[in-house]
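# Analysis of the macromolecular model
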Amino acid sequence: MNLSVMLSQLGSGFLVSVEIFAVTLLFSLPLGLLICFGRMSRFTIVRLLFSAYISIMRGTPLMLQLMVVYYGPYYLFRIKVPMSYRLIAVFIAFSINYAAYFAEIYRAGIESIPIGQYEAAHILGYNRVQTFFRIIFPQMVKRVIPPVTNEVITLVKDTSLAFAITVTEMFTKAKQIASSQASMVPFVVAAIFYYIFNLIVALAMNRSEKALNYYR
Amino acid sequence: MSLFEMNHIRKSFGELEVLKDISLKVEPGDVLSIIGPSGSGKSTLLRCATGLETPDSGEIIKNGAVGLVFQNFNLFPHHSVMKNITLAPIKVQKRHKDEVYRQARELLAKMGLTGKEDAYPYQLSGGQQQRVSIARALCMNPDILFFDEPTSALDPELTGEILKVIRALAQEHITMVIVTHEMAFARAISDHVIFMDNGVVVLEGDPEYVFNAEHSRMQEFLGKYDGQSAGI
């Protein structure tokens, strides 16, 4: 197999990796905010429920969660799932897992905002929703960018876990080519792809961090 | 009818009774200063008056809108000076943007902050930040403006700046309640002074009466301020 054929095969796998990455962020970033609200609820029962959710999501392997989401419908309910469910299962498992991490990052961000900001908003007549979205949320975003960047970089590498249910993302492809050609080259190429992807992610996050430096 | 009344207010934090049956009245145009040692309940009183704390018992009668200037400004760091001042009048009071901006510019001019419209709070000195926060409170057109130790976070020079602004507001007959440690200032600008200690009103009346009262606790308190002056 020549290099260009290998590159095009890995490239098609890479697109699937990017898709997993993008869809996961699209769902987990907002879902994390909802979970964060639940985790910070005034009602003890809601708070406990969401704390338990976060604890389980962070306390068990993502690969195991992926298996549960993928095989669960059949093993538990004897539902036959179509082939296309593989990728859906990855989206679901990744989104609910990453949302748990984002929820805790958001919570730390929200709790770091001084109480005086809430008091000033209250005196000025903002209601709870206005206070959150106009005063607290924008300041939280600035504070959580560094820890969110960490998670996003981890996510790039975690997309390779989709290998466990043979979704043909880049790592799965690399493994297939490597064993059929008895060659290390596909792994090296895949590593370069992941590395460059993360370099771009880090640069983009760095830029957004800088963009928010207009205030302190 | 008074603009603002507190009747028999009590407030405890756990075992500690911070306000013990406090009553006060504010008439339109009044400047009321509340003085007293740290821990006497002054700030808690102000927080109850402005709705930041709920009293355990007693009643609060408000015949008008209330504004508050905080000790440490509490400006919104992510908003420009202009946005800090105009956002609530536009979004909460639903007033017209042009009118609010016009008023905000007038207030900034009055505060000596013309040209700082687009600055962010971190770019301003403490005195400038406090003047922005006074402008922010005034732009809501409150009927009564409360100040919670507005100069305690400032050095003596910047303190003078703020006291000058408050003095100008007093001359415009804006109704104000000021918790302060600036004795000479309180004495000079107030129509009424309340001296609090240990959660009760010990003395109240016009400034000459309160500051000259032959009251041991009051004289002991004032003694600690001898030799200090706030530049006004």
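Residues numbered from 1 in each chain as written. Chains lettered and ligands numbered in written order. Predicted model: local features only at pLDDT ≥ 70, side-chain atom pairs only at ≥ 80, totals over all residues.

## Re the packing of helix 1 (residues 3-39) of chain A against helix 2 (residues 44-59) of chain A
All names here are of chain A. Remark: helix 1 packs on helix 2, axes separated minimally by 7 Å, with the N-to-C direction vectors making an angle of 130 degrees. Here helix 2 runs oblique to helix 1, going by the angle between their axes. Every residue of helix 2 that contacts helix 1 at I35, G38 and R39 is listed here: V46, R47, L49, F50, S51, Y53 and I54. Broken down by class, the residue content of the contact of helix 1 with helix 2 amounts to six nonpolar, two polar and two charged. (Axes fitted to C-alpha atoms, helices over the stretch in contact; angles between N-to-C directions. Helix = DSSP H or I, 4+ residues; strand = E, 2+ residues; numbered from the N terminus. Parallel < 35°, antiparallel > 145°, perpendicular 65-115°, else oblique. Contact = placed C-beta atoms within 7 Å. Nonpolar A, V, L, I, M, F, W, Y, C, P; charged D, E, K, R; others polar.)

## Some thoughts on the pairing of strand 6 (residues 144-148) of chain B
Residues and elements named next belong to chain B. Summarising burial for strand 6: five of the five residues are buried, a large majority. Residues I144, F146 and D148 line one face of strand 6 and the alternating positions L145 and F147 line the opposite face, and both faces are buried. The pairing of strand 5 (residues 66-69) with strand 6 spans four bridges and is parallel. Paired with V66 across the bridge in strand 6 is I144. (Buried ≥ 20, exposed ≤ 12 C-beta atoms within 10 Å, placed from the backbone. Pairing = 2+ DSSP bridges.)

## Overview of the sheet that holds strand 6 of chain B
Residue and element names in this part refer to chain B. If you trace the six strands from one edge of the open sheet to the other, you get 5-6-7-3-8-9, paired in mixed fashion. Each edge of the open sheet carries a strand with a single partner, namely strand 5 and strand 9 (200-205). For this sheet, the mean angle separating the axes of adjacent strands, direction not counted, is 20 degrees. Pairing of strand 3 (residues 31-35) with strand 8 (residues 192-197), which is carried by four bridges, proceeds in the parallel orientation.

## Some words on the domain arrangement of chain B
Residue and element names in this part refer to chain B. The domains assigned to chain B are domain 1 (1-64 + 143-232) and domain 2 (80-141). Each of domain 1 and domain 2 has a C-alpha centre, and these two points are 25 Å apart. Facing eight residues of domain 1, the contacting portion of domain 2 comprises eight residues. Per-element accounting of the side of domain 1 that touches domain 2 gives the leading share, four residues, to helix 5 (residues 156-171). Broken down by class, the residue content of the side of domain 1 that touches domain 2 amounts to seven nonpolar, no polar and one charged. (Domains from an automatic or database assignment.)

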